[in-house]
Structure formats: C-alpha cells, structure tokens
Amino acid sequence: MAGRGPIVGQRVADNPIMAYPVCPCCGDRRPAAATLRRRPLRRTTSWQPDPLWQVRRHPLCGSCERWLWGVLDEVRNHGAARPVPLFGAPSTGGRLPVFEDQCQVCLAVPQDYGTMIDCIPSGGSRGSWPAFFACASCDAWIASLAEDGRSARGEATRAIDGAYGDWPHPNLRELRVSLDLADRGSAATIREACAEMGVEVVGGVDTVGSVLFVEASPGASVTRVVRENVKIVRAVVVVTPFGAGRELREALQAGASNWLTLPLTPQQVTAGLATTLRRGLRVRWDELSCLPVASLEGSDRPAIAFFPLGDTDVFSVAWLLRRFVRGYDEVVSVGGQVILLPRAPAERLEAVRVRLDLLLAGRAHSAPLDAAATAPPRLDLAG
Ligand SMILES: [Zn+2]
Ligand SMILES: [Zn+2]
C-alpha cells in the first residue's frame, strides 16, 4: 500500500488501462477490464461540468468491477431497514427517490456539486454500468473503494492500515456510551466498536455520565438534544451527514464536544471517543470549517494544507477529509486553513496527499506544509 498512491495517479493520467500493472481495488496483478470514470458537476442554473474539477479515472479488474457494482446495487436497494454489511457504506436513511438530482446512492439532495459516475470496459466506448449521479460524499466513498477495496471486504483490514492497524484500543472500560441515532448502520458500528473496547452501550434514555452520540440531519435541529443533555453527560458527539453543516455549527455552539461524519467506521468511533475524552471541553471550534482551532507553532509533525477550489465551501472539504482520513489522523483549523496531521511517517505524506486528492476529485488543492520552516516550540491542539 505504502507508496502506491502517487504511481496510481500518474499512470492513470498517462494511460488509463495498458500501463496499469496492479488492480488498485484488489491489489492483484490482474489486467484492467474497465475504467471507473468520475465526472464532477456543479450546479449553476442546471448541472454542468466544471473545468476546475478534473475527471478522475480508476482502472478495475473484472472481478472488482463486478464486486463494486454489487456493493452499489446493494446500498441503493437497501433502504434503511438494516445496515449495509460494509463498514462506512452510505445509507439512504429512510429517504425516498423523488427528485431527479438526488444522489442515486444515498438519495440525499446534493448542494452545489455532484459527480456523474460510469464504468467503461477496456476497448469499449459505451459504459458497462449505466451512468449515475452521486453526491460528493458518495462519490468519494466509491473512489475510496475503487482505490482499495480490500479493507472494506475484510481481506486486509490490518495489513492495509499499516501502522494504523497497530494502534491499541484505548482503555475506556469505565465509560458508558448512549445513542440517539436514527441511522441504524452507525448505531451498529458504534455498538461493534464499543464491544471491542469493552465499553457499555446503554439505550438513549439513561444518559447521565455517558458519552452521548446524537445525529444531526439537514433541516432538523439537534441543538435541543444537546442543550438538554450537555450538563448531565460526559460529552456529546454529533454524528453529522455531509449536508448538515449548519446544524452541526449550532450543536457545537450549544456545547457538543466533538463530531464525526456519517456513516462511521469502527476505527473512527474508537479514535473519536479517545480524542473526545482527552480534549474535554477545551476545544475551540472554527466557525466556518467546524474544525478544532489549533496552532502548529513548533510542530514537526508532517502536515498537509487543503485549499477549497471554485465555490466549494470550507466545511465540505473539512467534512470529506474527516470522512476519509484514518481515525487517528487529525484535521484541524490553523489560521482559518484546513490542515491534516496524518499519523504517518513523513515519507508516506505524499501517498496520503495523492490518495485524498483523488477522493476529493479536485474540489480542493493540497500542498505539504513545511511546519518546520515556520516553527518555534510545540504543537498545541487547543485540546
Ligand atoms: Zn481487482
Ligand atoms: Zn450520496
């Protein structure tokens, strides 16, 4: 895995099929049978391609093409009745298909940008999948699977995370977690992560002293739940879908302690709990990005800065990063800039940057940040 990222990006750009020695999705040396194509769109008066945002291509072997299509099909036909058996998969959250420009994966109505996704067989001109429209969040999720499906399939959960997979679960045995979540997939993921850590999960009623997970949803206020509980719980963690920036902002102002993106992975839950408890209430949140305000003075940790492009708002970039970085990476706001601090050695920084660039589909420009050049003494994460 290490170091493959940059090669992937360059070879795909040069020659999408012939030069590809390894299928990135399964990691096997199989010939590419098809190319997954992601064409970013933005809404002006209608949905239009935006020249700022590049078309991204991912080669797939035949077996990965069929696997990925099967996963998409399952997510789209799943409804909210039971969680998709794949960590981090989007869910329709009970939404119904009504409008033409709903995301055809999670059925959310995208704000100002989305992606047209199809799959072109090698040597063919017509898609082997029908083209479909996806929100930026589902688009990045599909790209993350095309770039590496092994972890999602459970074939390489540990190996693929490299050093990340070796992170010990924090000792949180005294902790109680309570849930107020409509999304069953996320509730199941939290229960699974907590079971792994030996942490008790209680029903939504008895919240005293617990870490309470609440769900933000676009257009519905979670602030009341935060206000009612903030004095009696240990912390409130807001589980936030892509379109709920405003609702999250209000929840943080009302005293929420942390937020995670919806859907969740077990590692994000584990790392999120550890971070929440470590920080306590000392966090100051950047109003636009909803990221913890930090200073990099004196830090020698590898860091990458992300700059939104076009009319992409800073919260969208912050949300997408938090959704797709590993659970123990930190995304912070430094002087209003979005900064990623990956728990990775400096030599892997470029691979991390290229992977995230690919997922963000050009919606943000990224650059390694030479913190050492601007440096006095120590990293203060403001909590
Ligand atoms: Zn493959
Ligand atoms: Zn979606």
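Structure's up top.
This section reports on the structure supplied with the text. Every chain is numbered on its own, with residues counted from 1 as its sequence reads. Each chain takes a letter, starting from A, and each ligand takes a number, starting from 1, following the order in which they are written. Residues qualify for local features only when their pLDDT is at least 70, as the model is predicted, and side-chain atom pairs are given and counted only at 80 or more; totals for whole chains, interfaces and linings, by contrast, use all residues. Side-chain figures throughout are based on the complete set of non-hydrogen atoms in the structure, without hydrogens or water.

Things to note about the coordination of the zinc ion (ligand 2)
Formally: Think of the donor list as every N, O and S atom within 2.8 Å of the metal, or within 3.2 Å for Na, K and Ca; water never makes the list, so a site can look incomplete. Secondary structure counts use DSSP, requiring at least four H or I residues in a row for a helix and at least two E residues in a row for a strand, with both numbered from the N terminus. Buried residues are those whose accessible area, probed at 1.4 Å on protein chains only, stays under 20% of the maximum for their type, while exposed residues exceed 50% and partly exposed ones sit between those limits.
Distances from the zinc ion (ligand 2) to its protein donors, Cys103 (SG), Cys106 (SG), Cys135 (SG) and Cys138 (SG), fall within 2.3 Å. Motif for the zinc ion (ligand 2), donor spacing along one chain: C-x2-C-x28-C-x2-C. Here Cys106, found in the loop between helix 2 (62-76) and strand 4 (113-121), pairs with Cys135, found in strand 5 (residues 129-135); they are 29 residues apart in sequence, far enough to count as distant. Per residue, the accessibility class of Cys106 equals that of Cys135, and both read buried.

Quick look at the pattern of salt bridges
Stated precisely, the cut-off is as follows: Any Lys or Arg side-chain nitrogen found within 4 Å of a carboxyl oxygen on Asp or Glu counts as a salt bridge.
Evaluated as defined, the whole model comprises 15 salt bridges. One salt bridge in this structure joins Arg39 and Asp118, with 3.2 Å as the shortest N-O distance. Placement of Arg39 in strand 1 (residues 34-43) and of Asp118 in strand 4 is noted, with a sequence separation of 79 residues between them. Given a relative accessible area of 28%, Arg39 falls into the partly exposed group. Linking Arg278 and Glu330 is a salt bridge whose minimum nitrogen-to-oxygen distance equals 3.7 Å. Within this pair, whereas Arg278 is found in helix 8 (residues 266-279), its partner Glu330 is found in strand 12 (residues 330-334), the two being separated by 52 residues in sequence. One salt-bridge network, held together by shared partners, links Arg278, Arg301, Glu330 and Arg343.

A short note on the coordination of the zinc ion (ligand 1)
What counts is decided by this rule: Irregular is the label for any site that misses the other tests, which are tetrahedral for four donors with all angles between 85 and 135 degrees, and square planar for four donors or octahedral for six when opposite donors exceed 155 degrees and the remaining angles lie between 65 and 115.
Coordination sphere of the zinc ion (ligand 1), protein contribution only: Cys23 (SG), Cys26 (SG), Cys61 (SG) and Cys64 (SG), at 2.3 Å. Classification of the site at the zinc ion (ligand 1) as tetrahedral follows from its four donor atoms and the range of 104 to 116 degrees in their angles at the metal. Going along the chain, you hit the donors of the zinc ion (ligand 1) in the pattern C-x2-C-x34-C-x2-C. Residue Cys23 is found in the loop between helix 1 (4-14) and strand 1, and its partner Cys61 is found in the loop between strand 3 (56-60) and helix 2; the two are separated by 38 residues along the sequence. Cys61 shares its class with Cys23; the two are buried.

Details of the side chain of Arg38
Let me state the cut-off plainly: Distance and chemistry together define a polar contact, namely a pair of N or O atoms within 3.5 Å, with one atom able to donate a hydrogen and the other to accept it when in protein, and with adjacent residues in sequence counting only for side-chain atoms on both sides.
Locating Arg38 in the fold gives a position in strand 1. For Arg38, a relative accessible area of 0% corresponds to the buried category. Separated by 2.9 Å, the side chain of Arg38 and the backbone oxygen of Leu358 make a polar contact.

Quick notes on a nonpolar patch on the surface
Our working rule: Candidate patch residues must exceed 30% relative accessible area and have no salt bridge, after which like charges are joined if within 9 Å and Val, Leu, Ile, Met, Phe, Trp or Tyr side chains if within 5 Å. Only the protein chains shown count as covering a residue, and every accessible area follows the Shrake-Rupley method with a 1.4 Å probe.
A cluster of nonpolar side chains, namely Leu96, Val98, Phe99 and Val109, defines an oily patch on the protein surface of about 440 Å² accessible area. Examined against the element boundaries, Phe99 turns out to sit in the loop between helix 2 and strand 4.

A word on the environment of Ile190
Defined as follows: Any pair of residues with heavy atoms lying within 4.5 Å of one another is described as a contacting pair.
Considering the arrangement of structural elements, one finds Ile190 in helix 5 (residues 184-197). Beyond its immediate sequence surroundings of up to four residues, Ile190 is in contact with Val177, Leu179, Leu181, Phe213, Leu264 and Val269.

What to know about the pairing of strand 11 (residues 303-308)
Short version of the rule: Whether two strands pair depends on DSSP finding at least two bridges between them.
As judged from the six bridges shared by strand 11 and strand 14 (residues 364-369), these two strands associate in the antiparallel manner. Residue pairing in the sheet places Phe306 in a bridge with Ser366 of strand 14. Inspection of the sheet shows strand 11 paired to strand 13 (residues 337-341) by three bridges, in the antiparallel sense. Opposite Phe306, over in strand 13, you have Val338 as the bridge partner.

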